[in-house]
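Working through the structure, step by step
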Amino acid sequence: MAELYSLHWRRAYRAAYLVVHDAAAAEDIAQDAFLAAVDALDRFDRRRPFAPWLHRIVVNRALDWARREALRRQVDSAESVFEPLPPPEEVGSEMIAALKELPAEQRAVVVLRHLLEYTPGEIASMLDLPRGTVNSRLRRGLDRLRETAELDAVGEERR
Amino acid sequence: MSRRDALSKALREVPIPVPEDSEARGLRVVETVYAERQRPRRRAFHPYRSKSSTAPSQREGGRPLRRTALALALTALIAVLMLSPAGASVRSWVDDVFTAATPKPEPTLGEIPGGGRLLVQSAAGPWVVHQDGSRRLLGDYEEATWSPRGLYVAVAKGRTLSAVEPNGTPHWSFTAPGRVSDQRWAPFGTRIAYRAGQALRVIAGDGTGDRTVAGESSPIAPAWSPLGDPTLAYVSGAGALRLVNSESLIDLATAPALDDVAEIEWAAGGKAILEASRGALRLREVQPRKLQPRPLIEATRPLPVPAGATVVDAALAPEQETVAAVVTNWRDHGTRSSVVLYRPGETKPRSLLTVPGSLGEIAWSPDGRRLLVAWPAVDQWLFLPLGRGLESAVANISRAFAPGNRSASFPRIEGWCCRR
C-alpha cells in the first residue's frame, strides 16, 4: 500500500489542486480517493492499471467539491464575520491564474487531458460524459487559456 | 517541443502549494485504514453485516462488532424494561414514552440527516463533519466552537485562541494571559467571549481588542444575548448569574444561579436563560427593556426532573424556548437514559426516547427539527426527528474520529451548524 501510495499521491494531489485551487481541499480529496480505493479493492480488477481508477475518483471528487464551493460562496457572500486576510502570495505562474478562471468542468477536462494525458474517449468514460461534451469543454478551456500570454500558442496547435 | 507538450509540461511543473507533511499524513491514514480493513477479511463469520453492504466496510472490526451486538441486545431489553414496575415509574413523569426498537445502526457515518455540518471534539482535536459525511481534523486543538454562520471555528489550545476556517486554514491566533476555554462566538459575529484562567474576556472577531470583562468566573461557558447586542451572561466566581455589557463593561443585572450550575444558554428571543445542573433544570426569565439599557432578571421556571435522575446535558432549540435534555436514572436493574423535551406551554415533559445505559450530549439541528444524541455506551450517534421516532443510528463513532486507533475515546459533539 505504501508503495502504491508513494507512486500515485503526488499526481493525484496535483490533479485535485489544479481543479479545486485549494491546498487543504486537494489534500482531503487525494486522501479520500485513496481511502475509497482501499475500500473498493475487492471490486477492482487487479489486471487493470490502478492510476486511471484513482484519477477517476480524484477528478470526480474535485469536481463535486468545486461545485459545492461555488454554491457555498454564493450563499455565504452576505456573512462578514470579519475582514478576511488577504490571500497568500499568488503561487505559480499566470498558468495557475488562467486555469483558475475556467469553470470547474473545463478545468477538469484540461487536467485529465494535459496533466494526466488521457484521451478524450477515456475522459468521457471517467466523467460519464458524451465524448462531444468532453471535446467542447476542452476546446473552450484551451481557447480561454490561449488568451494568456504564456499559453498564447496552445490553441493554435489545434487549428 | 510541441505546444501541447508545453501545456502538459506547464501543468506538471508549475509550482503549487503542498501542505506541510500532507503526503506522509495521508499515508498514515491510508495505511491505518488498510490495515484495519485486512483484519475483518480474515474473519470466517460476519453475522452483523448490513444486508445492503456490498463490500466489507473499512471500519468494521472485532470491537465495534461486539459493540453492535451489545447495542442490539440492549435494544431488545427496552420493551421489557419499560413494562416492568420500575419502567412504569419512569413513565409516571412523562406523558408519551417512545420505546420503538433502535434501528440497525449504519456502519459508518454517511450524509447527515437534515443537512448541516457538525463540529466534533475528539482526543486528537476538533473535526468538521460535512453534510456528505466527509470529515476533516482541524488540528490538535482542545476546544472548538462555530462562528454564527459556520464560516469559521474558534479553537483553543493552552493559552492560544485562534480562528480557523472549516478546512483548517488559520486566520489569526492570540496568546491569552491564561489557559483558554469555553470560547463562544457572539451571534452578531464580531466578538468572541472566552475564559482565560478564571477571567472572562472578550476579543474582536479579527483577533484584536482583547479585554477583561470579569476578573473571576465559574468554569462555565458564557452565553451571548441572541438579540444582537453586546450583553453577555456568565456565572461569577461566587456562583451568581450576571449580565454585563461587554463593550461598556457595565454590570447590568445579577441573580443567584442554580446550585452547582454546569451550563447556561440564552434562549432565542432573549427572554429566558436556561440553567442546568446535574440535578435540576430551569429557565430564568429575562425582560429586555427598550427604554433602558438594563434588562430585568425575573422569576425562574423550574423544568421537572424526576427524583434521583441526573441531567447529563440540555440544549435550547434554535428558534424557540423548547429545551431538550438527556436524563439518566440509576435503578436496581441498571441505568437507563431518556431524551426529554420541555415545550413552552406544556405542563409535563415529553420523553422522545428511552434506552438502556448512559446517553451523552445532545445537539439540535440548525432547523430545530432533529436532535443528535450521543450514545457512548454502544459507540453510536442517534438522529431523532421530533415526532417521528428514531430516524437512524450510526455505529463506530469513536473510530470514525480516530482512524486506526482501536481504543479511541468517544468524541464530543460541539455543535450542529448552521441555519442560513
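One can find the structure itself at the top, above this paragraph.
What you see is a predicted model, and the numbers here were worked out from it, not measured in a lab.

When helices and strands are counted, chain B shows 5 helices and 28 strands. Residues classed as buried in chain B amount to 55% of the 420 residues present. Considering only contacts within chain B whose residues lie at least 6 apart along the sequence, 43% involve residues at least 24 apart. Accessible surface, chain B: about 17800 Å² in total, of which carbon and sulfur atoms supply 50%.

A rise of 1.5 Å per residue sets the reference length of helix 2 (residues 23-39) of chain A, with its 17 residues, at 24 Å; its end C-alpha atoms lie 24 Å apart and thus fit the reference within 8%. Taking burial as the measure, the 17 residues of helix 2 of chain A include 14 buried ones, the bulk of the element.

The next thing to look at is unusual backbone geometry. Note on backbone geometry: most residues besides glycine have negative phi, and most peptide bonds are trans. All names here are of chain B. The linkage connecting C417 with the following residue, C418, adopts the cis geometry, with an omega of -10°. Structurally, C418 can be placed in the segment after strand 28 (412-417). You will see that L249, though not glycine, has its phi angle at about 65°, which is positive. Look at L249 and you get partly exposed, because its relative accessible area is 37%.

All names here are of chain B. Read from one edge to the other, the open sheet built from 4 strands follows the order 16-17-18-19, with strand pairing classed as antiparallel. Each having just a single partner strand, strand 16 (263-266) and strand 19 (296-303) make up the two edges of the open sheet. Strand-to-strand twist in this sheet, taken as the mean axis angle between neighbours without regard to direction, amounts to 20°. Note: strand 17 (residues 272-276) against strand 18 (residues 281-287), 5 bridges, orientation antiparallel. Bridge pairing links A272 to E285 in strand 18.

Right, let's get into the environment of A:A33. As for its placement among the helices and strands, A:A33 is situated in helix 2. With near-sequence residues (within four places) excluded, A:A33 lies in contact with A:L54, A:I57 and A:V58.

Conventions adopted
- Residues numbered from 1 in each chain as written.
- Chains lettered and ligands numbered in written order.
- Predicted model: local features only at pLDDT ≥ 70, side-chain atom pairs only at ≥ 80, totals over all residues.
- Heavy atoms only, no water.
- Helix = DSSP H or I, 4+ residues; strand = E, 2+ residues; numbered from the N terminus.
- Buried < 20%, exposed > 50% of the residue type's maximum accessible area, 1.4 Å probe, protein only.
- Contact = heavy atoms within 4.5 Å.
- Areas by Shrake-Rupley, 256 points an atom, 1.4 Å probe, with all protein chains shown as cover.
- Expected span 1.5 Å × (residues − 1).
- Pairing = 2+ DSSP bridges.
- Axes fitted to C-alpha atoms, helices over the stretch in contact; angles between N-to-C directions.

Function cannot be inferred from these measures alone, as they are strictly geometric.
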